[in-house]
Amino acid sequence: MKLNAWQKAGIALSILWAVAAGIHTQSEDVERAENFVKFSYKVCKDTKMVAKDADLSSCVKEKAANMDTWMKDSGKNVALAALAPIPFGWLWGFLLLLVLIARPPRMKRDPWMKSDPLSSARTN
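All figures in this text were calculated on a predicted structure; none of them were measured in a lab. (Residues numbered from 1 in each chain as written. Predicted model: local features only at pLDDT ≥ 70, side-chain atom pairs only at ≥ 80, totals over all residues. Heavy atoms only, no water.)

Asks: Looking at this model, I keep getting lost on the packing of aromatic side chains. Mind explaining?
Replies: Note on aromatic pairs: each is described by the distance of the centres and the angle between the planes. This structure, assessed with the given rule, holds two aromatic pairs. Seen from their ring centres, Trp90 and Phe94 are 5.7 Å apart, and the 40° between their planes marks the pair as tilted. On the criterion of helical spacing, the pair formed by Trp90 and Phe94 is a turn pair, its members being four residues apart in helix 4 (residues 85-100). Its relative accessible area of 25% is what places Trp90 among the partly exposed residues. (Phe/Tyr/Trp six-rings, centres within 6.5 Å; stacked < 30°, edge-to-face > 60°. Helix = DSSP H or I, 4+ residues; strand = E, 2+ residues; numbered from the N terminus. Buried < 20%, exposed > 50% of the residue type's maximum accessible area, 1.4 Å probe, protein only.)

Asks: Hey, could you run me through a nonpolar patch on the surface in this one?
Replies: On the surface, Met1, Leu3, Ile11, Ile15, Val19 and Ile23 cluster together into a nonpolar patch covering about 640 Å² of accessible area. For Leu3, the location among the structural elements is in the segment before helix 1 (5-50). (Patch = residues over 30% accessible without salt bridge, like charges linked within 9 Å, V, L, I, M, F, W, Y side chains within 5 Å. Areas by Shrake-Rupley, 256 points an atom, 1.4 Å probe, with all protein chains shown as cover. Salt bridge = Lys/Arg side-chain N within 4 Å of Asp/Glu carboxyl O.)

Asks: I would appreciate a short explanation of the state of the cysteines in the present structure.
Replies: Joining two cysteines, a disulfide is a covalent bond between their sulfur atoms. A full pass over the atoms with the stated rule returns one disulfide. For Cys44, the disulfide goes to Cys59, at an S-S distance of 2.0 Å. Because the sign of the S-S torsion sets the handedness, a value of about -85° for the bond joining Cys44 and Cys59 places this disulfide among the left-handed ones. One end of the pair, Cys44, is in helix 1; the other, Cys59, is in helix 2 (residues 57-71), with 15 residues separating them in the sequence. (Disulfide = S-S within 2.5 Å.)

Asks: I tried to follow helix 3 (residues 74-83) on my own but got confused; where do I start?
Replies: Given 3.6 residues per turn, any residue in an α-helix points the same way as the ones three and four places further on. Here helix 3 has its buried residues at Ser74, Val78 and Ala82. Seen along its axis, helix 3 keeps its buried residues to an arc of 60°; they face one direction. With respect to the buried face of helix 3, the exposed residues turned more than 90 degrees away are Lys76, Leu80 and Leu83. Contacts from the buried residues of helix 3 go to helix 1, helix 2 and helix 4. (Arc of directions from axis to C-beta. Contact = heavy atoms within 4.5 Å.)

Asks: What is the right way to look at the layout of surface pockets in this model?
Replies: If you roll a probe as big as a water molecule over the atoms, it shows you where there is empty space left. Here the largest pocket defines a volume of roughly 510 Å³. Along its surface, the largest pocket is lined by 18 residues, and Gly10, Leu13, Gly89, Trp90 and Gly93 are the ones closest to its centre. If you list the elements that add at least two residues to the lining of the largest pocket, you get helix 1 and helix 4. When residues of the lining of the largest pocket are assigned to their parent elements, the largest contribution, ten residues, is made by helix 4. Taken together, the residues of the lining of the largest pocket sort by class into twelve nonpolar, six polar and no charged. (1 Å grid on protein atoms, 1.4 Å probe; cavity = no way out; pocket = protein on both sides within 12 Å on 5 of 7 lines; lining within 4 Å. Points joined across faces, edges and corners; volume = space filled by probe spheres on them. Nonpolar A, V, L, I, M, F, W, Y, C, P; charged D, E, K, R; others polar.)

Asks: In this structure, what is going on with unusual backbone geometry? I would like to understand it.
Replies: One can expect most non-glycine residues to show negative phi and most peptide bonds to be in trans. The backbone phi angle of Lys52 is positive, close to 60°, even though this residue is not glycine. Given a relative accessible area of 77%, Lys52 falls into the exposed group.

Asks: How should the pattern of salt bridges be read in this particular structure?
Replies: Any two side chains of opposite charge can pair if their charged atoms end up close together. The full count for this structure, using the stated rule, is five salt bridges. Between Asp29 and Arg32 there is a salt bridge; the shortest N-O distance is 3.7 Å. Note that Asp29 and Arg32 are positioned in helix 1 at a spacing of three residues, about one turn of the helix. Ionic pairing is found between Lys42 and Asp46, a salt bridge with its closest N-O pair at 3.0 Å. On the criterion of helical spacing, the pair formed by Lys42 and Asp46 is a turn pair, its members being four residues apart in helix 1. Linked through salt bridges whose partners overlap, the residues forming this network are Glu28, Asp29 and Arg32.

Below is the structure:
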């Protein structure tokens, strides 16, 4: 089966969307995780300073655990953001083509009619 230009464009846009959305979502997940980990580490470090405890090994362990927790389901998030909108984009594209290209021909006015039947319906 040979693909027409619309289908080729749709496939290219689908691939572009999947790659771009995946990269964007992954970077957003990493940024959110790093922001939380930095905040959590600062709180732990400040708490240790107030308690006059110089051992920050528990803060380092907590930092690693927090990063693992925040990034645990990042792969699922990336897959959902990258792949879930694609079928909706194809549906939207087919509906748009249906409306623009495959619409029925316009009604022609019969020569024996004195006026447009729709115009009399609009005035009533």
